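Coordinate inspection notes
Here's the letter readout for the chains.
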Amino acid sequence: MLFKGAGVAIITPFTQDHEIDFEALGQLIDYQIDEGIDVIVSVGTTGESVVLTESEKLDVIKYTIDRVDGRVPVMAGTGSNNTREAVEFSKKVSQLDVDSLLVVSPYYNKGTNEGLIEHYTQIADVSEKPVMLYTVPGRTGHNIPVEVVVELSKHDNIFGIKDASGDLAYTMDIRRQTPEDFQIVSGNDDQIVPMLSVGAQGVISVIANVFPKETSQMVHEFLNGNVEASKDLQLKMIPFVKAMFSEVSPVPVKYATHLLGFGTPELRLPLTTAQLETQAQVKKALEDLGRL
């Protein structure tokens, strides 16, 4: 099984001048691994991939691989709404020492069922590493249709889906119609346990940037049969989850990691740093959980 447990959708820290802060990134990676995270997911949505150049994304991925040094698997985000660009970048990244690729569905221009199948097939055909689909309608404006996921699950190099649909019926339809070894992971921190209950095997998490130990425990307790302990952790984390999405992500989580000492709260435009009310909500959530 390529993905089981909790992956962190790790932020890309910036300096005050909005350049990549590799020192802060390295410290955060070490913290994640020391606290028991299972997978590092580099340059995904939370890593602000859309405002990084290709060269910067490659630098971040290579740095992450070197810093992780084989301690946990590394997954890299390589998606785009430009199929040629996604194919070429995925091929390039797959030649690095990553373990898998995370490929978001095309956004803005979306795609027909036929187009989505061809988009993902071309990426999977050239990638030297296994590919995970990523559906996130809140970002892309559409879900990858169930019938498309089912068709793509037959590809030897497509091993699963990060499901941020927020729709358990959608999750169950995928679980029911795909092979058992086709993996489903939650893309929503407020639905980790509900999705595990219908056949998911993990999560790619935003809150894990701050609470890697608790996020990993939540998943593993469930997978080990300790459903009550898992449920209790999910409920305990809900106020913090709400704080993390009180503004568009990763605005709040960057403020939270800043409070923990992992770089500045800066983002690149069009995103800006957390508003005062968001800062207060994040601080209170961290204090209530004993992290500040």
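Quick caveat, the model's predicted, so the values are computed rather than measured.

Section: unusual backbone geometry
In the segment running from Ser249 into Pro250, the intervening peptide bond is cis, with an omega of 15°. Structurally, Pro250 is set in the loop between helix H10 (227–244) and helix H11 (251–259). With an omega dihedral of 15°, the bond running from Leu269 to Pro270 counts as a cis peptide bond. Within the element layout of this structure, Pro270 appears in the loop between H11 and helix H12 (276–288). Of note in the backbone geometry, Glu48 takes a positive phi value of approximately 55° without being a glycine.

Re the nonpolar core
Formed by 79 residues in total, the largest nonpolar core has its most connected members in Ile61, Leu133 and Phe240. Discounting chain neighbours no more than four positions away, the residues touching Leu133 are Leu102, Val103, Tyr120, Ile144, Val149, Leu152, Ile158, Gly160, Ile161, Lys162 and Phe182. In this structure, Val39, Val104, Tyr134 and Ile204 belong to the second largest nonpolar core, which totals 14 residues.

Section: the packing of aromatic side chains
Within a pair of aromatic rings, the relevant descriptors are the distance that separates the centres and the angle that separates the planes. Throughout the structure, instances matching the rule amount to 3 aromatic pairs. Aromatic pair Phe22 and Tyr63: ring centres 5.2 Å apart, planes at 55°, arrangement tilted. Highlighted residues: Phe22 in helix H1 (residues 22–34) and Tyr63 in helix H2 (residues 54–68), separated in sequence by 41 residues. For Tyr63, a relative accessible area of 22% corresponds to the partly exposed category. Each ring, one from Tyr31 and one from Phe262, has its centre 5.2 Å from the other, and the planes form 35°; the classification is tilted. Placement of the pair is Tyr31 in helix H1 and Phe262 in the loop between H11 and H12, with a sequence separation of 231 residues. Phe262 matches Tyr31 in its accessibility class, with the two residues each being buried. Directly above the ring of Phe89 sits Lys57, whose terminal nitrogen or CZ lies 4.9 Å from the centroid.

Thresholds applied
Within each chain, residue numbers correspond to sequence positions counted from 1 in written order. At least 70 in pLDDT is required for a residue's local features to be given in this predicted model, at least 80 for side-chain atom pairs to be given and counted, and no such filter applies to totals for whole chains, interfaces and linings, which use all residues. Side-chain numbers come from the whole structure's heavy atoms, not from hydrogens or water. Strands are runs of DSSP state E lasting at least 2 residues, helices are runs of H or I lasting at least 4, and numbering of each runs from the N terminus. Definition of nonpolar core: a set of buried residues of the types Ala, Val, Leu, Ile, Met, Phe, Trp, Tyr and Cys, connected through side-chain atoms within 4.5 Å. We call a residue buried when its accessible area falls under 20% of the maximum for its residue type, exposed when it is over 50%, and partly exposed in between, using a 1.4 Å probe and counting protein chains only. Here a residue-residue contact requires only that any non-hydrogen atoms of the pair lie within 4.5 Å. Note on ring pairs: Phe, Tyr and Trp rings are taken, using the six-membered ring of Trp, and paired if centres are within 6.5 Å. Classes follow the plane angle, with under 30 degrees stacked, over 60 edge-to-face and the rest tilted. Comment: the charge-over-ring label is applied if NZ (Lys) or CZ (Arg) is within 6 Å of the ring centre and within 35 degrees of the ring normal.

Geometric descriptors of this kind do not, in isolation, establish any biological role.
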